[in-house]
Amino acid sequence: MTVNKTLRGHKLLMVMPWKQPAEFIENLKAEFPGLQVVTYRQTEWDQTWAPFPDEEWKDVTVLLTFTVLPTPEQAPKLEYVQLMSAGANHVLDLPIFKDTEAKFCTANGVHGPQISEWIIGTYLAFQHRFPHYHEKQKEGRWDRSDLNLIDDAVQKTIGILGYGSIGRQTARLATAMGMNVHAYTLHPRTTPASKKDHSWTPPGLGDPDGIYPSKWFSGSSRADLHAFLTSGLDLLVIATPLTPNTQHLLAAAEFELLAADGRKGRTFVSNIARGPVVNTPDIIHALKEGLIKGAALDVTDPEPLPDGHELWSMENVIITPHVSGASTHYNERVLSILEYNLKRLSEDTEPVNKVNKREGY
């Protein structure tokens, strides 16, 4: 193992919902001499209270966490926070994020493999009517009455709203199935260099050079978004971060546009971003009126989705309880990002997946 520049004087605090990764910690200590490592286990993913005394915070320079965060006064030496989530919306209003120089990095790249499988899997399940046939199986009935409604994905167009690591891996899978890819990003990607992905990605996955989209759309205006939505989408993937600018990004006007000019009932909507990106009453209306073909929702607004909510009983909707990002490989990928960024810290270079404090992602 190559020994990097020392991180002597740095204290890494790991607050994790899984057991202590003893072998990983020993490797870190060998790789970064002088690095102090302290670990604690939180009992719930959304836990915000610290499972240790306040005194533990005072010398922490590096923090691995999801929702357990200090105040600026508790952790005055904090330099780098590695979040275990792809989004940073839950920290944007915290003083430790807003009022300090600490660098926050997301787990961008960790979720690409499993969430892209969820996106494609739920779309194919809908196209091949798996929910319908599963009901027939439970009834013990061999019923082929919906045979003519089954459709495949070849030459369909997938529009990916937010072409980050999840979107790029989804584009890889969609391309392999013969789909056409349209990508939407906030900033223009007009040159080969601008299309490259500089975030962390598991080796051999994603779209590091931005080669899969046949069309790129960009911009921050409603007109820019609407140009993308009217480009003939069979599958719309919502993969944009939740920020004040993306709250209810998709509402009545957007669903009407998806159905305009003979496209009524064409688009299947998949939301793996955050529930509030979509206006819930408006997507319910679009589903009822046939403006869109159906929807797969791993996130909802409100969340958790209450018992008896109207969305639960809609036949053209697939709902899962915010589990698309789950994977038995989740923790090892998060730790890989942490190790990579510790190396960059030891070299005094910028970490990957750094959150832009102005834009919120």
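Chemist: With reference to specific residues and values, describe the layout of surface pockets.
Modeler: One water molecule sets the probe size; rolling that probe over the atoms shows where empty space is left. By volume, the second largest pocket amounts to about 300 Å³. Lining the second largest pocket we find Phe 126, Arg 129, Pro 131, His 132, Glu 135, Glu 315, Asn 316, Val 317 and Ile 318. Of all the secondary-structure elements, those providing two or more residues to the lining of the second largest pocket are helix H4 (130-139) and strand E12 (317-319). The dominant element in the lining of the second largest pocket, judged by the number of residues it contributes, is H4, at three residues. The residue makeup of the lining of the second largest pocket, split by class, is four nonpolar, two polar and three charged.

Chemist: Any chance you could break down the sheet that holds strand E4 (residues 80-83) for me, citing the residues and the numbers?
Modeler: Spatially, E2-E1-E3-E4-E5 is the arrangement adopted by the five strands of the open sheet, whose pairing is parallel. Because the sheet does not close on itself, it has two edges, and the strands there are strand E2 (36-41) and strand E5 (103-105). Each strand of the sheet is rotated relative to its neighbour by a mean of 15 degrees, with strand direction disregarded. Pairing of E4 with E5 involves three bridges; the strand directions are parallel. Note that in E5 the partner of Val 81 across the bridge is Phe 104. The strands touched by helix H9 (residues 330-346) within the sheet are strand E1 (11-16), strand E3 (62-65), E4 and E5, with E4 carrying the most contacts at an inclination of about 160 degrees.

Chemist: Can you explain the packing of helix H3 (residues 112-127) against helix H5 (residues 165-176)? Please cite residues and give values.
Modeler: Contact pair H3 / H5: the axes reach a minimum separation of 8 Å and the direction vectors enclose 55 degrees. As far as their axial angle goes, H5 and H3 are oblique. Remark: the crossing between H3 and H5 carries right-handed chirality. On the side of H3, the interface is formed by Gly 112, Pro 113, Ile 115, Ser 116, Glu 117, Ile 119 and Ile 120, while H5 contributes Ser 165, Ile 166, Gln 169, Thr 170, Leu 173 and Ala 174. Counted by class, the contact of H3 with H5 contains seven nonpolar, five polar and one charged residues.

Chemist: If you had to explain unusual backbone geometry to someone new, which residues and values would you point to?
Modeler: Following Asp 301, the chain continues into Pro 302 via a peptide bond in cis, with omega recorded as 10 degrees. Of the consecutive residues Glu 303 and Pro 304, the connecting peptide bond is found in the cis state with omega at 0 degrees. Within the secondary structure, Pro 304 is located in the loop between strand E11 (294-297) and E12. The backbone of Gln 155 shows a phi angle near 65 degrees, a positive value even though the residue is not glycine. Even without glycine at this site, His 322 takes up a positive phi of about 55 degrees. Residue position: His 322 is located in the loop between E12 and H9.

Chemist: Describe in detail the UniProt feature "domain: D-isomer specific 2-hydroxyacid dehydrogenase NAD-binding" (unreviewed entry) in the protein chain, supporting the description with residues and values.
Modeler: Under the feature "domain: D-isomer specific 2-hydroxyacid dehydrogenase NAD-binding" (unreviewed entry), the UniProt entry names residues 121-192 and 224-324. The straight-line gap between the two end C-alpha atoms of residues 224-324 is 28 Å; of that span, 23% is helix and 15% is strand.

Chemist: I'd like a description of the pattern of salt bridges, backed by residues and values.
Modeler: For the structure on display, the rule yields 18 salt bridges. With a closest N to O distance of 3.1 Å, Asp 59 and Lys 77 form a salt bridge. With Asp 59 in the loop between E2 and E3 and Lys 77 in the loop between E3 and E4, the pair connects residues that are 18 residues apart, well separated along the chain. The partly exposed category is assigned to Asp 59, whose relative accessible area is 30%.

Chemist: Can you break down the nonpolar core residue by residue, with the values?
Modeler: The nonpolar side chains of a soluble globular protein tend to be buried with one another. Phe 228, Leu 236, Phe 255, Val 269 and Ile 283 are the most contacted members of the largest nonpolar core, which has 32 residues in total. Of all the secondary structure elements, the ones that give two or more residues to this core are helix H6 (222-229), strand E9 (235-238), helix H7 (252-259), helix H8 (280-288), E11 and E12. Ranked by residue count, the leading element in this core is H8, at four residues. Setting aside its immediate chain neighbours within four residues, Val 269 contacts Leu 236, Ile 238, Phe 255, Leu 258, Ile 283, Ile 292, Gly 294, Ala 295 and Ala 296.

Chemist: Explain the sheet that holds E12 to me, using residue names and the numbers behind them.
Modeler: Strand order in this open sheet of seven strands is E8-E7-E6-E9-E10-E11-E12, and the pairing throughout is parallel. Two strands in the sheet have a free side with no partner beyond their single neighbour: strand E8 (215-218) and E12. Within this sheet the neighbouring strands show an average axis-to-axis angle of 15 degrees, counted without direction. One ladder, built from four bridges, connects E9 with strand E10 (residues 268-271); its direction is parallel. Note that in E10 the partner of Ile 238 across the bridge is Asn 271. In the packing of H3 onto the sheet, the strands contacted are E9, E10, E11 and E12, and the crossing angle to E10 comes to about 150 degrees. Packing against the sheet, H8 makes contact with E10, E11 and E12, and its axis sits at approximately 140 degrees to E11.

Chemist: Tell me about the pairing of E1, and name the residues and values.
Modeler: Within E1, six of the six residues are buried, which leaves it mostly tucked inside the rest of the structure. The alternating pattern of E1 places Lys 11, Leu 13 and Val 15 on one face and Leu 12, Met 14 and Met 16 on the opposite face, and all of these are buried. Once the chain exits E1 it traverses helix H1 (residues 22-31) before rejoining the sheet at E2, and the crossover so formed is right-handed. One ladder, built from three bridges, connects E1 with E3; its direction is parallel. Paired with Leu 13 across the bridge in E3 is Leu 63.

What counts, and at which threshold
- Residues numbered from 1 in each chain as written.
- Predicted model: local features only at pLDDT ≥ 70, side-chain atom pairs only at ≥ 80, totals over all residues.
- Heavy atoms only, no water.
- 1 Å grid on protein atoms, 1.4 Å probe; cavity = no way out; pocket = protein on both sides within 12 Å on 5 of 7 lines; lining within 4 Å.
- Points joined across faces, edges and corners; volume = space filled by probe spheres on them.
- Helix = DSSP H or I, 4+ residues; strand = E, 2+ residues; numbered from the N terminus.
- Nonpolar A, V, L, I, M, F, W, Y, C, P; charged D, E, K, R; others polar.
- Pairing = 2+ DSSP bridges.
- Axes fitted to C-alpha atoms, helices over the stretch in contact; angles between N-to-C directions.
- Contact = heavy atoms within 4.5 Å.
- Parallel < 35°, antiparallel > 145°, perpendicular 65-115°, else oblique.
- Left-handed = near helix turned anticlockwise from the far one by under 90°.
- UniProt positions renumbered as here; feature names shortened; annotations may be inferred.
- Salt bridge = Lys/Arg side-chain N within 4 Å of Asp/Glu carboxyl O.
- Buried < 20%, exposed > 50% of the residue type's maximum accessible area, 1.4 Å probe, protein only.
- Core = buried A, V, L, I, M, F, W, Y, C linked by side-chain atoms within 4.5 Å.
- Right-handed = clockwise from strand over helix to strand, strands pointing away.

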